Amino acid sequence: MKKVMLTLAAAVLSGAALAVPVKLPTIPVILEPNARLLTLTDAGITKAFPSAAGRPDAVFLTEDRKVTVAFEWREGKLAPNQVNDLVAQFPAVIRAQVPNIKTLKASLVQIGNTPWAQFVFTTPGQGDDLRRELLMTSALGRILVVTIAGNVKDYSRNEALIRTFADSLRVN
């Protein structure tokens, strides 16, 4: 994850991120545009996530380039009535795949009249803990994952912007 964040920062600094209207043509989501978020271009996403496996479909960055919001529409099947099951089952998956988890909170939240499984966890980082938030829901029978990533202090500074953006999500 550290390598991805460094590569992402390099892609942004090299000009790969441009402030453009928020459009997600390949994902069944509608967003409220926000001029304070930068959109990583397709080339920037490819540079930041060189492996096609797990590469997000869209990535947004805060103006200070410290917090990312990545959208990934996975092939796995998920029915709308199974989202609640994720809240109980997925923490074990996170603990198995992510080393040194310090905190992990799982809950069911409503965003845009759609149920989302929310997982917020922290891991040790250099100078500050790393904060990850996964929002997962069913979109056309598939899994839609939104990953919000940054360190704890940077997330705190950008929390209002990120929460407003996340709360604007509407699944088609």
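See the structure printed just above.
Computed from a prediction, not measured in an experiment: that's the story for all the values here. (Residues numbered from 1 in each chain as written. Predicted model: local features only at pLDDT ≥ 70, side-chain atom pairs only at ≥ 80, totals over all residues. Heavy atoms only, no water.)

Regarding the pattern of salt bridges
1) Next: Tallied over the full model, the rule gives seven salt bridges.
2) Next: The closest approach of N and O atoms between Arg-142 and Glu-75, which form a salt bridge, is 3.4 Å. With Arg-142 in strand 9 (residues 142–151) and Glu-75 in strand 5 (residues 68–77), the pair connects residues that are 67 residues apart, well separated along the chain.
3) Next: Overall, the relative accessible area of 18% leaves Arg-142 in the buried class.
4) Next: A salt bridge links Arg-131 to Glu-133, with the nearest nitrogen and oxygen atoms 3.1 Å apart. Each of the two residues, Arg-131 as well as Glu-133, counts as buried.
5) Next: A cluster of three or more residues bridged by salt bridges with shared partners is formed by Arg-131, Glu-133 and Arg-163. (Salt bridge = Lys/Arg side-chain N within 4 Å of Asp/Glu carboxyl O. Helix = DSSP H or I, 4+ residues; strand = E, 2+ residues; numbered from the N terminus. Buried < 20%, exposed > 50% of the residue type's maximum accessible area, 1.4 Å probe, protein only.)

Considerations on the side chain of Arg-131
1) Next: Looking at the element boundaries, Arg-131 is found in strand 8 (residues 130–139).
2) Next: Assessed through its relative accessible area of 11%, Arg-131 is described here as buried.
3) Next: A distance of 3.1 Å separates a polar atom in the side chain of Arg-131 from a polar atom in the side chain of Glu-133.
4) Next: Setting aside anything within four residues of it in sequence, one finds Arg-131 in contact with Val-120, Phe-121, Thr-122, Ile-148, Ala-149, Gly-150, Asn-151, Val-152, Tyr-155 and Arg-163. (Polar contact = N/O pair within 3.5 Å; in protein donor to acceptor, adjacent residues only side chain to side chain. Contact = heavy atoms within 4.5 Å.)

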